[in-house]
Amino acid sequence: MSAEEKNKLDELFKNGLGTPETHSEFNDQHWNDLEQLMNADGRPRGIVYWLPRLGAVAAILLLFLGWWLFKPVPVKNEQVVGLKPSTVQPITVTKPDNKPTTTGSSTGVNSTNGSSTGSAPVNSAGIMPATVIPAAPVYAGTSGKHNRNIQHVTAQQPGSMKNNQVAPPANKVPQQEILATVDNKAKAPISNPVTITDNGVNTATNAVSDGQTVALTNTISPDAVVTKDPAAQVKKTKLSGASKFKPQFGLAMLVSPDINGAGSFQNAKIGTNIGLLFSVEITKKLTVSTGASYSKKPYLTDFDNYHVNYKFKTDPQDVYADCRVLDIPLNVDYKVYSKSRNSFSVGSGLSSYIMLKEKYTYDYAVPGTAGPSSFTVTNKNRHILGVLNLNATYEHQVNSKFSIAAQPYLKIPLTNIGNSQVRLQSAGVALGLRWNINRSVTP
Amino acid sequence: MTEEDLHQLIRGCAKQDRKCQKLLYKAFYGFAMGICLRYAGNRDEAAEVMNQGFFKVFTHIDRYDHDRPFKAWLGRIMMNASIDHYRANLKMAYTDDLEKAEHISDGELADKKLNYDQLLEMVQKLPQAYRTVFNLFAIEGYGHDEIGEMLGISAGTSKSNLHKARQKLKLMILKADQPYVGQGGKVNYSSVVAINRSDMNGVFFNNGIRL
């Protein structure tokens, strides 16, 4: 067959079959078949669009929940209720000198004696007014938990309280011992007369037999003075008084859904993580943690963000990647807020990504375009400390040993990740259970 | 349908509006079917492939670049759907020897008055491997390298299949004049693809060996 004939043959068919529009009548049955095909597929297309948004809403809800649980219990405020600035003034006047930290502490036992016997202030006050008066600034100044310190002293001297006398042993408590219960922070409020609003002060001023201050004590309910659970306070005082900090070890299991994207979260895909974290509380505020987390990190990216040496005959339009990653973080968390059973920390650190498996699937602009459809890499890439972690953790202590935590986090790549060298970033909320290994006392 | 109407339909399809999808399907049914018929062995098969193509159109319509002609995009999808179908069905290979077709006296091909249905019937009678290469080369205008890549075969195989397709078509055209073939009737032979040359003597057709 000559070349000319070949062309003729090709031409004959091209002309005859090239413009086929008018040769096939529409067949409704074919449309019905297609409809069935589309209905059978029925993928929830919107889910990918909505999940990142739902995730954001969930994170906001968690933060709100955290804030709500954080709301401080207004215990201390009750103690101040009913005290007016005018009631404070007489107390400061009764100070023997302007150095409340020294004078106050020297007679601190008397003052605490008075405060702990709040239910019978007049008795205690009537015994040794001279010694009680200067005690006021000390107790008043050591507001908050430091009150407990002083009460602790009185609790150790129950005999003196019962007899409504200032027992000699109590008076002989060395100045240093009392000072030891008042840490540096406690000293500051002592010098501030405005802070002298504690109940103990009023019981003390009662002892001065000053008309004004006596009237004042009437405004104070005994309940506000007496500690509800002295035993617990003694325990706490022992802890704080000892001021010996032991590192706390914790083991946490975290599970988290997250969104992953290359360069942005525009085409974010949902991934999952599960991991174990070991943490050491090196100070009251700082915690160092490390561990390992197995992550499924899927993402979709434009082909422009995809970098490989392979030359595609027809460039795919976008690439869908499914990466299995071992994430080894090293984080430091700083406790910003801690009250009662709740705490809130912010943290940062670096993660190493061990890329266990990377599968890239190529989507072409025209479906069915000839070219590689997928590519898989196994155990090839490692990014040591290549990802920056930023997180915030809300933790709620369930009991002495266990706490639950919610941790919104963001992982920002410092280097290109994976075989395709993309800026793979992740954001999510980790939920976890922490076992506080060597903690034996409730906070 | 104006260009604006078309783009409105496409936008509706992007929102998965079933009415718009049906209108678009109707509007391009003939065009799409025409392409798929050339690649398929019969009308039912063509309709099946066409629907696969439209399914891809509707699920990936967000990828359509509005600056380019829609018809060309849709046409390529139909062609690719046909190739996918070809790949999926490429489970059997056929042998045939068409060497002797070379000795058939050449007819005046250009003078043949063959209508669309006749030509389509001939193409459809080609074995799938030949038909696909012939469509891609003679009608779509691809080169053998490209065809080889599309179909996962070598350029040499593509050339060989094209050659054999032409031989068969030539035979069919020549026979189309003969009374026993009949107008629109079935050509009395079963086609097979020649991959390995087998030493067959005598009759040219009906001697396929299925491996």
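Every chain is numbered on its own, with residues counted from 1 as its sequence reads. Throughout, the order in which chains and ligands are written sets their labels, letters from A for the former and numbers from 1 for the latter. Residues qualify for local features only when their pLDDT is at least 70, as the model is predicted, and side-chain atom pairs are given and counted only at 80 or more; totals for whole chains, interfaces and linings, by contrast, use all residues. Excluding hydrogens and water, the side-chain values take into account all heavy atoms of the structure.

What follows is about the overall build of chain B. Each helix is a run of DSSP H or I of at least 4 residues and each strand a run of E of at least 2, with the numbering of both proceeding from the N terminus. Within chain B, the secondary structure is distributed over eight helices and two strands. Counting helices and strands in the order they occur from the N terminus, chain B gives α-α-α-α-β-α-α-α-α-β. Split into buried and exposed, the 211 residues of chain B put 53% on the buried side. A 1.4 Å probe and the Shrake-Rupley method give the accessible areas. Residues count as covered only by the protein chains that appear here. Surface summary for chain B: the accessible area is close to 10000 Å², and the carbon and sulfur share equals 49%. Residue exposure (1.4 Å probe, protein chains only): buried if accessible area is under 20% of the type maximum, exposed if over 50%, otherwise partly exposed.

Within chain A, the regular secondary structure consists of 19 helices and nine strands. With 443 residues in all, chain A has 44% of them scored as buried. Contacts are assigned to residue pairs that have any heavy atoms within 4.5 Å of one another. A fraction of 71% describes how many contacts in chain A between residues 6 or more apart in sequence connect residues 24 or more apart. Summing over all exposed atoms, chain A offers an accessible surface of approximately 23000 Å²; the carbon and sulfur share of this is 59%.

All names here are of chain A. As a per-residue quantity, pLDDT reports the predictor's confidence and falls between 0 and 100. On average, chain A scores 68 in pLDDT, and the residues at 70 or more come to 52%. Here residues 76–228 scores under 50 on pLDDT; set against residues more than four positions off or in separate chains, the count is 183 contacts. Predicted confidence for residues 234–242 stays below pLDDT 50, and this span has nine contacts to residues more than four positions away or in other chains.

Okay, the packing of helix α4 (residues 70–88) of chain B against helix α6 (residues 128–139) of chain B next. Residue and element names in this part refer to chain B. It is at 11 Å that the axes of α4 and α6 come closest, and there the two elements cross at 155 degrees. Taken as axis vectors, α4 and α6 run roughly antiparallel relative to one another. In this structure, α4 crosses over α6, and the sense of that crossing is left-handed. Contact residues: α4 offers Met79, Ile83, His85 and Tyr86, while α6 offers Gln128, Ala129, Thr132 and Leu136. Note on method: axes are straight lines fitted to C-alpha atoms, helices fitted across the in-contact stretch only, with angles between N-to-C directions ranging 0 to 180 degrees. Geometric relationships in this document are graded by angle, where less than 35 degrees denotes roughly parallel, more than 145 denotes roughly antiparallel, 65 to 115 denotes roughly perpendicular, and other angles denote oblique. If you view the pair so one helix is near and one far, a crossing is left-handed when the near helix is turned anticlockwise from the far one by less than a right angle, and right-handed when it is turned clockwise.

Joining through side-chain atoms within 4.5 Å is the link that ties buried Ala, Val, Leu, Ile, Met, Phe, Trp, Tyr and Cys residues into a set, and such a set is a nonpolar core. Ranked by internal contacts, the top residues of the largest apolar core, which has 68 residues, are Phe13 of chain A together with Leu24, Phe54, Phe58, Phe70 and Phe134 of chain B. Counting residues per element, this core draws most heavily on helix α2 (residues 18–39) of chain B, at 12 residues. Ignoring sequence-local partners within four residues, the contact set of Phe70 of chain B consists of Leu6, Ile10, Leu24, Phe28, Val57, Ile61 and Tyr64 of chain B.

Attention now moves to the side chain of Thr132 of chain B. All names here are of chain B. Relative to the helices and strands, Thr132 is located in helix α6. Using a relative accessible area of 1% as the deciding quantity, one classes Thr132 as buried. Non-local contacts of Thr132, meaning those with residues more than four positions away in its chain, are made with Tyr39, Tyr86 and Leu151.

We now examine the side chain of Lys297 of chain A. For Lys297 of chain A, the location among the structural elements is in strand β3 (residues 286–302). Lys297 of chain A gets classed as buried once you look at its relative accessible area, which sits at 0%.

This part takes up the pattern of salt bridges. Should a side-chain nitrogen of Lys or Arg be within 4 Å of a carboxyl oxygen of Asp or Glu, the pair is scored as a salt bridge. According to the stated counting rule, one finds 14 salt bridges over all chains in the structure shown. Ionic pairing is found between Asp363 of chain A and Arg63 of chain B, a salt bridge with its closest N-O pair at 3.2 Å. Of this pair, Asp363 of chain A sits in strand β5 (residues 342–363) while Arg63 of chain B is found in the loop between α3 (43–59) and α4, placing the two residues in two different chains. One salt bridge in this structure joins Arg11 of chain B and Glu4 of chain B, with 3.2 Å as the shortest N-O distance. Three or more residues joined by partner-sharing salt bridges are found here, namely Lys56, Asp84 and Arg87 of chain B.

How big an interface is tends to be stated in terms of the accessible area lost upon association of its parts. At the interface, 56 residues of chain B touch 41 residues of chain A. Each partner contributes to the roughly 4600 Å² buried at the junction of chain B and chain A, and carbon and sulfur atoms together form 65% of this total. By convention, the term buried area covers the 1.4 Å-probe accessible surface removed from two parts as they join, with the contributions of both added. When the buried surface of chain B facing chain A is broken down by residue, Arg18, Arg63 and Tyr116 of chain B rank first, second and third, together holding 15% of it. The interface formed by chain B and chain A includes four salt bridges. For Arg166 of chain B, the salt bridge goes to Asp10 of chain A, with nearest N and O atoms at 2.5 Å. Two N or O atoms count as a polar contact when they lie within 3.5 Å, although within protein this holds only if one can serve as hydrogen donor and the other as acceptor, and sequence-adjacent residues are included solely when both atoms are side-chain atoms. Here chain B and chain A share eight residue pairs in polar contact (both at pLDDT 80 or more) between them. Of all elements in the fold, only α2, α3, α4, α5 (116–125), α6, α7 (144–151) and α8 (155–176) of chain B reach the threshold of two or more residues within the side of chain B that touches chain A. When residues in the side of chain B that touches chain A are grouped by element, the largest group, 13 residues, is from α2 of chain B. Amino acids outside the nonpolar list (Ala, Val, Leu, Ile, Met, Phe, Trp, Tyr, Cys, Pro) and the charged list (Asp, Glu, Lys, Arg) are all regarded as polar, and Gly is one of them. Classifying every residue of the side of chain B that touches chain A by side-chain character gives 28 nonpolar, 11 polar and 17 charged.

All names here are of chain A. One ladder, built from 15 bridges, connects β3 with strand β4 (residues 318–339); its direction is antiparallel. The residue of β4 that forms the bridge with Thr301 is Val319. Here, a strand pair is defined by DSSP locating no fewer than two bridges between the strands. With 21 bridges joining them, β4 and β5 adopt antiparallel strand pairing. Directly across from Pro329, in β5, lies its bridge partner Ser351. Where β4 folds back onto β5 in an antiparallel hairpin, the turn is made up of two residues, including Ser340, whose phi is positive at roughly 55 degrees.

This part takes up the packing of aromatic side chains. Note on aromatic contacts: the rings of Phe and Tyr and the six-membered ring of Trp form a pair at centre separations within 6.5 Å, being stacked when their planes are under 30 degrees apart, edge-to-face when over 60 apart, and tilted otherwise. Evaluation of the coordinates by the stated rule reveals 15 aromatic pairs over all chains. Ring pairs connect the aromatic residues Phe26 and Trp31 of chain A together with Tyr25, Tyr29, Phe54 and Phe58 of chain B, which therefore count as one cluster. The ring centre of Phe31 of chain B lies 5.0 Å from the NZ or CZ of Lys71 of chain B, which sits over that ring. Both a distance and an angle decide whether a charge sits over a ring: NZ of Lys or CZ of Arg must be within 6 Å of the ring centre and within 35 degrees of the ring normal.

Turning our eyes to something else, we now look at unusual backbone geometry. All names here are of chain A. For Asn379, which is not a glycine, the phi torsion comes out positive at approximately 45 degrees. Residue placement: Asn379 occurs in the loop between β6 (374–378) and β7 (382–397). A positive phi angle, close to 55 degrees, is found at Gln421, a residue other than glycine. Looking at the element boundaries, Gln421 is found in the loop between β8 (402–413) and β9 (424–436). Exposure remark for Gln421: the relative accessible area of 31% places this residue in the partly exposed category.

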